[in-house]
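One-letter residues, chain by chain:
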Amino acid sequence: MHDTLSTPADTTSVRAALRSPRRLTTEALAGLVTALALIPEVISFAVIAGVDPKVALYTSCIMAMTIAFVGGRPAMVSAAAGATALVIAPLVASHGIDYLIAAVWLAGALQILFAVGGLARLVRFIPRSVMIGFVNALAILIFSAQMRHLFDVPWLVYPLVVAGLAMIVVVPKLTKAVPAPLIAIVVLTGVVALFGLDVPDVADQGELPSGLPTWMIPDVPLTWETLTIVAPFALGLALVGLLESLLTAKLVDDITDTPSDKTRESWGQGVANMAGAAFGGMGGCAMIGQTMINVKEGRARTRVSTFLAGAFLLVLCVTVGDVVGSIPMAALVAVMLVIAVTTFDWRSIAPRTLRLMPRSETLVMVVTVVGTLATHNLAVGVIGGVLTAMIAFARRVAHLAGVDIVDEAGERIYRVSGQLFWASSNDLVHRFDYSDDPDSVVIDLSGADVWDASTVATLDAVQGKYAARGKRVRIVGLDGASLARIEKLSGRLG
């Protein structure tokens with residue numbers, strides 16, 4: 001469980017945590033709070049996926065403990081997640097649990113292949129506005145997910161939630177020895193038990209497992225038909241899980257000011273999914289809300305907390321399931337509400353920020369948020385935000401290309417400047433006066449860069465139009481990659 005990214009002085013080092021009783025205590029308590037917060041969440045995701053709650057709980061135990069060893073982001077928690085549950089739900093409904101397990105096996109293998117292919121490195125191209133939208137959408141989803149526990153419930157739930165919120169806010173000002181969410185959970189559970197209050201608890205969310213997970217091999221025929229059934233779901237599961245995990249890792253990087261190994265996290269997710277599938281798991285990815293509890297509220301920084309979250313989850317469900325089942329949902333709702341409020345980037349919607357921010361940047365953030373909320377899938381929102389950012393960037397850069405005209409010694413010189421690619425070069429063909437120009441024309445590209453085949457094709461079209469009128473064209477000023485691109489593609493694009 002040694003973190004290869006760590007230095008001896010690094011707070012993310014497992015070795016340093018094991019040598020420091022204070023750090024180890026912090027990691028253990030953070031893992032315990034995270035485990036308690038995982039239970040109702042993953043049970044609700046099991047309902048979405050259409051599987052037994054035990055399947056989701058076993059998946060979460062195994063994935064958390066596995067990713068602690070193989071993952072690339074210390075303190076990040078992986079488990080059965082809502083985004084992946086949405087992907088696999090149709091497969092479970094149409095073909096059952098065995099085909100689901102086969103799909104999770106294949107998804108894990110695909111994630112490992114994606115890691116080897118360098119897919120994880122693409123996360124650095126995700127714009128800041130998309131990340132802000134991702135964080136804000138996450139906060140809204142966490143907040144809205146608690147609403148079902150606050151409507152059509154006994155009135156006693158409300159003072160319990162308020163008391164929980166008060167403890168989580170006030171306790172850190174008095175002491176940070178024990179995570180405030182853990183204190184709130186213990187106190188409210190004690191109050192409910194002491195006074196015999198009839199309020200919804202964890203046991204009402206679903207049956208907790210009473211034994212250890214067992215090895216399970218999916219009973220599916222090894223045929224091409226089986227592959228065609230599970231492959232689309234496996235691909236969706238792999239991509240959604242990777243995207244959510246890598247963005248969560250990037251978020252934790254920013255919170256902790258420590259780097260993560262995105263490639264390692266990618267193949268680690270694949271290994272964790274395959275480990276979960278070996279015990280009949282439903283697949284999963286990084287759990288954003290629970291990771292925020294672990295990192296922000298619990299102040300965890302190492303793999304120890306991640307491993308203990310999975311271990312505590314298994315032990316709590318199997319050995320003291322009755323006690324865990326008696327935890328009032330009001331306590332866990334209070335914890336998640338605080339996480340939602342503190343996760344939201346309030347500065348991003350401040351009037352001053354909105355006035356200063358370019359409209360295109362704000363649009364990217366809004367598209368990310370709306371796409372996520374409309375589909376309840378963070379991956380869809382992020383993809384929509386990235387596409388919007390690409391279009392906005394292309395439009396902005398396209399207007400930076402310019403053409404100046406100079407006449408020298410019987411020649412007309414077109415001095416082209418700016419970045420030439422598909423968006424900016426499409427109109428370039430109309431910037432030349434083919435009929436009235438002299439017989440000798442020079443296109444000077446010393447102030448421009450040629451980035452793609454579309455630009456080369458445009459320059460070929462310009463030369464063709466002049467040639468059709470018996471006029472000679474020289475292209476000058478190119479060097480480096482632009483010259484190489486012209487020499488390689490010019491005259492060969494049809």
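Look a little higher up for the structure.
Residues numbered from 1 in each chain as written. Predicted model: local features only at pLDDT ≥ 70, side-chain atom pairs only at ≥ 80, totals over all residues. Heavy atoms only, no water.

Caption draft 1: Structural view of the overall build of the protein. Looking only at helices and strands, one finds 20 helices and six strands in the protein. Considered along the principal axes of its C-alpha atoms, the protein spans approximately 100 × 60 × 50 Å. Expressed as a percentage of its 494 residues, the buried residues of the protein come to 54%. Within the protein, contacts between residues separated by at least 24 positions form 83% of all contacts whose residues are at least 6 apart in sequence. Just so you have it, the protein exposes about 22,100 Å², and 64% of that area is on carbon and sulfur atoms. (Helix = DSSP H or I, 4+ residues; strand = E, 2+ residues; numbered from the N terminus. Buried < 20%, exposed > 50% of the residue type's maximum accessible area, 1.4 Å probe, protein only. Contact = heavy atoms within 4.5 Å. Areas by Shrake-Rupley, 256 points an atom, 1.4 Å probe, with all protein chains shown as cover.)

Caption draft 2: How the structure looks around helix 6 (residues 128–145). Compared with the 26 Å implied by 1.5 Å per residue over 18 residues, the 26 Å span of helix 6 between its first and last C-alpha is a close match. Taking burial as the measure, the 18 residues of helix 6 include 13 buried ones, the bulk of the element. (Expected span 1.5 Å × (residues − 1).)

Caption draft 3: How the structure looks around the pattern of salt bridges. The final tally for this structure, using the stated rule, is seven salt bridges. One salt bridge in this structure joins R23 and E27, with 2.7 Å as the shortest N-O distance. Remark: E27 and R23 occur in helix 2 (residues 21–49); sequence separation between them is four residues, near one turn of the helix. Here E27 falls in the buried class, since its relative accessible area comes to 0%. With its nearest N and O atoms 2.7 Å apart, the salt bridge here joins K262 to D253. What makes D253 buried here is its relative accessible area of 11%. When salt bridges with common partners are traced through the structure, they connect R73, D253 and K262 into a single cluster. (Salt bridge = Lys/Arg side-chain N within 4 Å of Asp/Glu carboxyl O.)

Caption draft 4: How the structure looks around a nonpolar patch on the surface. A surface patch of nonpolar side chains, amounting to about 440 Å² of accessible area, comprises L119, L122, F125, L235 and L239. Positionally, F125 belongs in the loop between helix 5 (97–116) and helix 6. (Patch = residues over 30% accessible without salt bridge, like charges linked within 9 Å, V, L, I, M, F, W, Y side chains within 5 Å.)

Caption draft 5: Structural view of the pairing of strand 3 (residues 402–408). Of the pairings in the sheet, the one linking strand 3 to strand 4 (residues 411–420) comprises seven bridges and is antiparallel in character. Within the sheet, the bridge partner assigned to E408 lies in strand 4 and is E411. The hairpin formed by strand 3 and strand 4 contains two residues between the paired strands, and A409 there has a positive phi angle of roughly 50°. (Pairing = 2+ DSSP bridges.)

Caption draft 6: Up close: the nonpolar core. With 104 residues, the main nonpolar core has I39 and M282 as its most contacted residues. Other than its neighbours up to four places away in sequence, M282 contacts F45, A49, V51, V55, A56, T59, A80, A85, I88, L100 and V104. With 21 residues, the next largest nonpolar core counts V403, V416, V441 and L459 among its residues. (Core = buried A, V, L, I, M, F, W, Y, C linked by side-chain atoms within 4.5 Å.)

Caption draft 7: Quick peek at the packing of helix 7 (residues 157–174) against helix 8 (residues 180–195). In contact at an axis separation of 8 Å, helix 7 and helix 8 are set at 145° when each is read in the N-to-C sense. The element helix 7 and its partner helix 8 pack so that their crossing is right-handed. Residues L160, A163, G164, M167, I168, V171 and P172 of helix 7 form the contact with helix 8, whose participating residues are A180, P181, I183, A184, V187, L188 and V192. Split by residue class, the contact of helix 7 with helix 8 holds 13 nonpolar, one polar and no charged. (Axes fitted to C-alpha atoms, helices over the stretch in contact; angles between N-to-C directions. Left-handed = near helix turned anticlockwise from the far one by under 90°. Nonpolar A, V, L, I, M, F, W, Y, C, P; charged D, E, K, R; others polar.)

Caption draft 8: Main features of the side chain of D437. Turning to its location among the elements, D437 is positioned in the loop between helix 18 (422–425) and strand 5 (440–450). At 2.9 Å, the side chain of D437 and the side chain of R412 are in polar contact. (Polar contact = N/O pair within 3.5 Å; in protein donor to acceptor, adjacent residues only side chain to side chain.)

Caption draft 9: Inspection of the packing of aromatic side chains at higher detail. Counting across every chain of the model gives eight aromatic pairs. Ring centres 6.0 Å apart and planes at 80° place the aromatic pair W215 and F279 in the edge-to-face group. Residue W215 is located in the loop between helix 8 and helix 9 (224–256), and its partner F279 is located in the loop between helix 10 (262–278) and strand 2 (285–286); the two are separated by 64 residues in the primary sequence. Note on F421 and W422: the rings are 5.7 Å apart at their centroids and 85° apart in plane angle, and the pair reads as edge-to-face. Residue classification places W422 among the partly exposed residues on the basis of a relative accessible area of 47%. Every member of this aromatic cluster is reached through a ring pair, and the members are Y414, F432, Y434 and Y466. Positioned over the ring face of Y434 is K465, at 5.9 Å from the centre of the ring. (Phe/Tyr/Trp six-rings, centres within 6.5 Å; stacked < 30°, edge-to-face > 60°. Lys NZ or Arg CZ within 6 Å of the ring centre and 35° of its normal.)

Caption draft 10: Representation of helix 19 (residues 453–468) in the model. Compared with an ideal rise of 1.5 Å per residue, which puts 16 residues at 22 Å, helix 19 spans 22 Å between its outermost C-alpha atoms and is within 8% of the ideal. Packed against the buried residues of helix 19 are strand 4, helix 18, strand 5, strand 6 (472–476) and helix 20 (480–489). A positive backbone phi angle near 75° is found at G470, which sits one or two residues after helix 19.

Caption draft 11: Structural detail: the environment of D52. The topology assignment puts D52 in the loop between helix 2 and helix 3 (53–70). Between the C-alpha atoms of D52 and A461, which are 409 residues apart in sequence, the distance is 63 Å. A polar side-chain atom of D52 sits 2.8 Å from the main-chain amide nitrogen of K54.

Caption draft 12: Summary view of unusual backbone geometry. With a phi angle near 75°, A75 is a residue other than glycine that sits in the positive phi range. Along the chain, A75 falls in the loop between helix 3 and strand 1 (78–79).

Caption draft 13: Inspection of the sheet that holds strand 5 at higher detail. Taken together, the four strands give an open sheet; going across it, the order is 3-4-5-6, and neighbouring strands pair in mixed fashion. The two strands at the open ends of the sheet, each matched to only one other strand, are strand 3 and strand 6. On average, adjacent strands in this sheet sit at an angle of 20° to one another, irrespective of strand direction. Note: strand 4 against strand 5, eight bridges, orientation parallel. Note that in strand 5 the partner of Y414 across the bridge is I443. Strands in contact with helix 19 are strand 4, strand 5 and strand 6; relative to strand 5, the strand with the most contacts, it is inclined by about 175°.

Caption draft 14: How the structure looks around the environment of V386. As for its placement among the helices and strands, V386 is situated in helix 17 (residues 378–398). Relative accessible area serves as the criterion here: at 22%, V386 is assigned to the partly exposed category. For the pair V386 and M365, spaced 21 residues apart in sequence, the C-alpha to C-alpha distance is 9.6 Å. Other than its neighbours up to four places away in sequence, V386 contacts I126, P127 and V130.

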